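# Observations on chain architecture
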Amino acid sequence: MYFRASNIMFAPIASNGMDTETALPTYGTAVKIGSLNRISDNIDRVEASGYGENARKVHVDEFRSYGLDVEITHIPRATYASLNGASVDTSSKDITFKDNDQAPYGGLVCVRGGRDDDIAKVLGATSRKDGYVGVYYPKLKSAMQGKDISTKGENITLVTEKLHFAGLACKNHVWCEESDEFATEAEAVTWCKTKLGVSSD
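Everything in this summary refers to the structure shown in the same document. (Residues numbered from 1 in each chain as written. Predicted model: local features only at pLDDT ≥ 70, side-chain atom pairs only at ≥ 80, totals over all residues. Heavy atoms only, no water.)

Our next topic: the pairing of strand β4 (residues 55–72). The sheet contact formed by strand β3 (residues 36–52) and β4 spans 16 bridges and is antiparallel. Pairing of Ser-49 across the sheet is with His-59, part of β4. Between β3 and β4, which pair antiparallel in sequence order, lie two residues; one of them, Glu-53, sits at a positive phi of approximately 55 degrees. Bridge analysis of β4 against strand β9 (residues 161–167) gives seven bridges, and the strand direction is antiparallel. Each residue of the ladder has a partner; that of Ile-72, found in β9, is Glu-161. (Pairing = 2+ DSSP bridges. Helix = DSSP H or I, 4+ residues; strand = E, 2+ residues; numbered from the N terminus.)

So, about the pattern of salt bridges. Overall, the coordinates contain eight salt bridges when judged by the stated rule. Note that Asp-130 and Arg-4 form a salt bridge whose closest N and O atoms lie 3.7 Å from each other. Of this pair, Asp-130 sits in strand β8 (residues 129–142) while Arg-4 sits in strand β1 (residues 2–12), and the two are 126 residues apart along the sequence. We classify Arg-4 as partly exposed; its relative accessible area is 30%. Lys-195 is paired through a salt bridge with Glu-177; the nearest N and O atoms lie 2.8 Å apart. You can see Lys-195 sitting in helix α3 (residues 185–195) and its partner Glu-177 sitting in strand β10 (residues 177–178), a full 18 residues away along the chain. Its relative accessible area of 26% is what places Lys-195 among the partly exposed residues. Members of the salt-bridge network, linked through shared partners, are Arg-4, Arg-115 and Asp-130. (Salt bridge = Lys/Arg side-chain N within 4 Å of Asp/Glu carboxyl O. Buried < 20%, exposed > 50% of the residue type's maximum accessible area, 1.4 Å probe, protein only.)

Structure (structure tokens):
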């Protein structure tokens, strides 16, 4: 079972790095968004059926797009601005959001980890073992959502910062990739960095 989430990074697609029918995008400088709390993807599919002679003759079920909901403990202000295409004042560091901001398309990666007897079997271990998987979304962009702002009452409620990404399949039909299960988190992180073109230290 999986119960870990970490190492979320985003990199904008390079000016000459858009995807083609034979290649995924290439990227500019990657940034770590923050400490990942949770991430979930939601696939939007279009479905239709055609009937004739009192029976279904055709069934079409096609991928259309996907959304990614992300919760972070804290997002650095400059990172938040760049994800959403907002501007940052060079002196005051204030962030200005405009109705015509254009969020950049980019690639996003993260690591999920877990522990299970079945993971041990996959990794060739004789006892219960941790396993880590890299997850890669090659083409998406941030879509700003509303904020939750509340005061402290009798109880304290911790609120994560939320991001929503709108994703598309690339021209070669790829919308997500996952790695094999690794024995260490570091191996999964290296896989993720490779997808974004980041060299591992």
